[in-house]
Amino acid sequence: TIQQIFDDLTVIDATLTSVADTGQCVARGDRQSNSTAASAETGVIRLDNVPMVNGRLYEIRTNPLVGDCTVNADVIRLLLRINTAGVATTASTNIALNQVRLADQTIGEVVSVGVLYAPGATVTASILLSHSRASGTGNVNVNGSSVIPIQLMVIDMGEAPGDTGTDI
């Protein structure tokens, strides 16, 4: 019947829309300058007004970044923070971190940070990449330029399947 055809077309349209959005970058930032060197947690780049839909999975990540320090053997920590009710700050909810020991102050180390995120409701998020010194006595920063940019991105991975893993 005509109603059944209409219902089938509605389902097909919804499915195609969902598939078409998979892999789409919904937000990105590109900084081409060094972050501020500090020991305390310091913001690097922030994405505001990021649309996130309940039932979908998002990859929030950086490109490979070059961490640097002012004292040999300091440890740089990169953090991703999120706020779904305002602007993300260093006090916002931490959703991921990574860290690396920096061998010396003349050659940086490559480090990145990322996480899969499934919002519990449809939200507009603000996401902050920050850094801090996890151990040591100097200051840490992320180097940035046109050839080593500091990039933060949010990618729509499609429908969230839920946790299907087995803890061992």
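Scroll up to find the structure this text is about.
To start, this report covers the structure provided alongside it. (Residues numbered from 1 in each chain as written. Predicted model: local features only at pLDDT ≥ 70, side-chain atom pairs only at ≥ 80, totals over all residues. Heavy atoms only, no water.)

Here's the deal with the environment of Ser 112
Locating Ser 112 in the fold gives a position in the loop between strand 7 (109–111) and strand 8 (114–117). For the pair Ser 112 and Arg 61, spaced 51 residues apart in sequence, the C-alpha to C-alpha distance is 7.5 Å. If near-sequence neighbours (up to four positions away) are discounted, Ser 112 is found in contact with Thr 62, Asn 63, Pro 64, Leu 78 and Asn 98. (Helix = DSSP H or I, 4+ residues; strand = E, 2+ residues; numbered from the N terminus. Contact = heavy atoms within 4.5 Å.)

What to know about the sheet that holds strand 8
Taken in spatial order, the 4 strands line up as 1-11-3-8 in an open sheet, and their pairing is antiparallel. In the strand order of this sheet, the two ends are held by strand 1 (24–31) and strand 8, each with one partner. Looking at each pair of strands side by side, their axes are set apart by 10 degrees on average, direction ignored. As paired strands, strand 1 and strand 11 (residues 150–159) are joined by 7 bridges and run antiparallel to one another. For Ala 27, the partnering residue across the bridge sits in strand 11 and is Val 154. (Pairing = 2+ DSSP bridges. Axes fitted to C-alpha atoms, helices over the stretch in contact; angles between N-to-C directions.)

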